[in-house]
Amino acid sequence: MNQPKSRKRTQSALDKLERLKKALHHEEPDRVPISDFFWGSFVENWRRELDLPEDANPYYYYDLDWIVTNPNLDPHIRDFEIVEEDGEQVVVKTGFEAIMRKRFDAPMPQQIGWETETLEDLEAFEFDDPFDRRRYFEAGDNHVEGVGDGFRRNIPPWIDTVKQLRPDMPVYGGVLECSECLTRLVGQYNAMLWSGLYPERMGRQINRIGEFYLECAKAEIEAARGLLDGLVIWGDVAYKKSTFYSPSYWREYFKPWVAAMTDVAHENGLDVIYHGCGNVADILPDYIEMGIDAMNPLEAKAGLDAVDLRRAYGHSLGIAGNSDITVWETGDRDKVRDEVLRKLNAAKGGGYIFMSDHSVTGGVPPKTYHYIVDMVREFGKYPLDLGEYDLDMTS
């Protein structure tokens, strides 16, 4: 199959890349980089309220500084099996052999069943080849890109998407770590239960999963042939107050694979952003030790604060996110201004990408997001002048 050629990068894309790299290397660029992840419901509301065309895209409209796109990361490469479908919902089995219910009026899907129901099932589970070209070069269904806040089938070849995006902005690939896979493959309850009841047996399966996704990372980088600017490692490992697993168990079985993926990315000249929801405070020093270039989303909802983190860790920690989405959802411009400008103190000296503390939900008024982008562009110019919001970051 002939693949489309990538257009030449625009000067704007090169400027964004320089801005992003300087920030991630804790230098002050021309201004604070800004981007985000957008729920489909937000995009629909945004197009309607701002009277925009049906194909309007926030990344292009706001000229945002980076974007991520994921190849087929399903353990099994297969078309979705439609279990049930009507005008209100669809129920499918995916390449994780998971049964997913996606209600079209709900923001996120529901996992209602797994073919891998026991630890014995997991031990017998076989993974398809990470280097299978279909993951990167062919259209098809996949769980990560297809069943989320929206529902999509026959997703275009990943490499085509990379080539389409790259001329206009820095493009990151994506890969899962072990916990993110287990949530889809066996469910969070089973993953935690089995690790508690059978820690060593479960640990061996975590290592099998880690090996699979490490190879996926290598294959993805190889398939891109120099077209990627970075790698996002998707890996939720925490609740609102603590980690899913004890820090010692996570360090023994999960951490080594994140470290290995990070090393592979860095060996190929790619920066790494780790996306892990919840309160990761107990293991945050581990991510710094592994050389993660920025942590995302550092949820304010889980008690994390970018200003406090910068004061505690200095410029050993890269921050991508932490602006409280629940404040954005109020639409109260005074509260939003307080939230945004206070957090910009963490951008002093670089090491900061402005983003929400998860994603831009359907509850965010579109004009509020418009206001936020304008504010970050105005006050995020270096050297920062935050006026009454300026804080001493040495304390």
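Definitions and cut-offs
Residues numbered from 1 in each chain as written. Predicted model: local features only at pLDDT ≥ 70, side-chain atom pairs only at ≥ 80, totals over all residues. Heavy atoms only, no water. Pairing = 2+ DSSP bridges. Helix = DSSP H or I, 4+ residues; strand = E, 2+ residues; numbered from the N terminus. Phe/Tyr/Trp six-rings, centres within 6.5 Å; stacked < 30°, edge-to-face > 60°. Buried < 20%, exposed > 50% of the residue type's maximum accessible area, 1.4 Å probe, protein only. Lys NZ or Arg CZ within 6 Å of the ring centre and 35° of its normal. Axes fitted to C-alpha atoms, helices over the stretch in contact; angles between N-to-C directions. Parallel < 35°, antiparallel > 145°, perpendicular 65-115°, else oblique. Contact = heavy atoms within 4.5 Å. Nonpolar A, V, L, I, M, F, W, Y, C, P; charged D, E, K, R; others polar. Core = buried A, V, L, I, M, F, W, Y, C linked by side-chain atoms within 4.5 Å. Bend = angle between axes of the 7 residues up to and from the residue. Right-handed = clockwise from strand over helix to strand, strands pointing away.

### Notes on the pairing of strand 5 (residues 110–114)
Reasoning step 1: The sheet contact formed by strand 4 (residues 98–103) and strand 5 spans 4 bridges and is antiparallel. Paired with Ala98 across the bridge in strand 5 is Trp114.
Reasoning step 2: Connecting strand 4 to the next strand, strand 5, in antiparallel fashion are 6 residues.

### Here we look at unusual backbone geometry
Reasoning step 1: Cis geometry is found at the peptide bond from Asn296 to Pro297, where omega equals 0°.
Reasoning step 2: Residue position: Pro297 is located in the loop between strand 9 (294–296) and helix 13 (306–313).
Reasoning step 3: Cis peptide bonds are those with omega within 30 degrees of zero, and the linkage from Tyr382 to Pro383 qualifies with -5°.
Reasoning step 4: For Pro383, the location among the structural elements is in the segment after helix 16 (366–379).
Reasoning step 5: Even without glycine at this site, Leu298 takes up a positive phi of about 50°.

### Topic: the packing of aromatic side chains
Reasoning step 1: A full pass over the atoms with the stated rule returns 26 aromatic pairs.
Reasoning step 2: Their ring planes at 90° and their centres at 5.4 Å tell us that Phe38 and Tyr369 sit as a pair that is edge-to-face. One end of the pair, Phe38, is in the loop between helix 1 (11–24) and helix 2 (40–49); the other, Tyr369, is in helix 16, and 331 residues separate them in sequence. Like Tyr369, Phe38 is buried.
Reasoning step 3: One aromatic cluster is present, formed by Phe38, Phe42, Trp46, Tyr59, Tyr61, Tyr62, Trp328, Phe354 and Tyr369 through successive ring pairs.
Reasoning step 4: For Arg333, the ring lying beneath its charged end belongs to Tyr371, and the centroid distance is 4.5 Å.

### A look at the sheet that holds strand 5
In any sheet, the strands associate via hydrogen bonds between backbone groups, in a parallel or an antiparallel arrangement.
Reasoning step 1: Strand order across the open sheet formed by 4 strands is 2-3-4-5, with antiparallel pairing between neighbours. Two strands lie at the open edges of the sheet, namely strand 2 (81–85) and strand 5, each paired on one side alone. Taking the axes of each pair of neighbouring strands and ignoring which way they run, one obtains an average angle of 20° across the sheet.
Reasoning step 2: Strand direction decides the pairing type here: strand 2 and strand 3 (residues 89–93), joined by 4 bridges, are antiparallel. In the sheet register, Glu85 faces strand 3, and the bridge partner there is Val90.

### As for the packing of helix 10 (residues 199–224) against helix 11 (residues 247–267)
Reasoning step 1: Where helix 10 meets helix 11, the closest approach of the two axes is 10 Å, and the angle between their N-to-C directions is 10°. The angle between helix 10 and helix 11 places the two elements in the roughly parallel class. On helix 11, the residues touching Pro199, Glu200, Met202, Gly203, Ile206, Asn207, Gly210, Glu211, Tyr213, Leu214, Lys218 and Ile221 of helix 10 are Tyr249, Tyr253, Phe254, Trp257, Ala260, Met261, Val264 and Ala265.
Reasoning step 2: A breakdown of the residues in the contact of helix 10 with helix 11 according to their chemical character gives 14 nonpolar, 3 polar and 3 charged.

### Describing the nonpolar core
Reasoning step 1: One finds Trp66, Leu182, Tyr213, Phe354 and Tyr369 to be the most contacted residues of the largest nonpolar core, which totals 125 residues.
Reasoning step 2: A per-element tally of this core places helix 10 first, with 12 residues.
Reasoning step 3: Each residue touching Tyr369, except ones within four places of it in the same chain, is listed here: Asp36, Phe38, Phe42, Tyr62, Leu64, Trp328, Val360 and Val364.

### Comments concerning the packing of helix 8 (residues 178–185) against helix 10
Reasoning step 1: Between helix 8 and helix 10, the least distance of the axes is 9 Å, while the angle of their chain directions is 105°. Viewed along their axes, helix 8 and helix 10 adopt a mutual orientation that is roughly perpendicular. Listed contacts from helix 10 to Cys178, Cys181, Leu182 and Leu185 of helix 8 are Met202, Ile206, Ile209, Gly210 and Tyr213.
Reasoning step 2: Its residues placed into classes, the contact of helix 8 with helix 10 shows 8 nonpolar, 1 polar and no charged.

### Notes on helix 11
Reasoning step 1: Of all the bends in helix 11, the greatest reaches close to 50° and is centred on Phe254; the proline Pro256 follows between one and four positions later.
Reasoning step 2: Here helix 11 has its buried residues at Tyr249, Trp250, Tyr253, Phe254, Lys255, Trp257, Val258, Met261, Thr262, Val264 and Ala265.
Reasoning step 3: Of the residues trailing helix 11, Gly269 is marked for its positive phi of about 75°.

### Examining the environment of Ala281
Reasoning step 1: You can see Ala281 is positioned in the loop between strand 8 (271–275) and helix 12 (284–290).
Reasoning step 2: Considered as a pair, Ala281 and Glu211 are 70 residues apart in the sequence and their alpha carbons are 26 Å apart.
Reasoning step 3: Setting aside its immediate chain neighbours within four residues, Ala281 contacts Leu304 and Tyr313.

### With respect to the pairing of strand 7 (residues 230–234)
Reasoning step 1: For strand 7, the tally of buried residues reaches 5 of 5 residues, placing the bulk of the element in the interior.
Reasoning step 2: By the alternation rule, side chains of strand 7 split into Gly230, Val232 and Trp234 and Leu231 and Ile233, which are all buried.
Reasoning step 3: In the sheet, strand 6 (residues 171–176) pairs with strand 7 via 5 bridges, with the strands oriented parallel. Pairing of Val175 across the sheet is with Ile233, part of strand 7.
Reasoning step 4: Relative to strand 8, strand 7 runs parallel, the two sharing 5 bridges. Opposite Val232, over in strand 8, you have Ile273 as the bridge partner.
Reasoning step 5: The β-α-β motif built from strand 7, the intervening helix 11 and the parallel element strand 8 has right-handed crossover chirality.

Bear in mind that shape data such as this cannot, by itself, settle questions of function.
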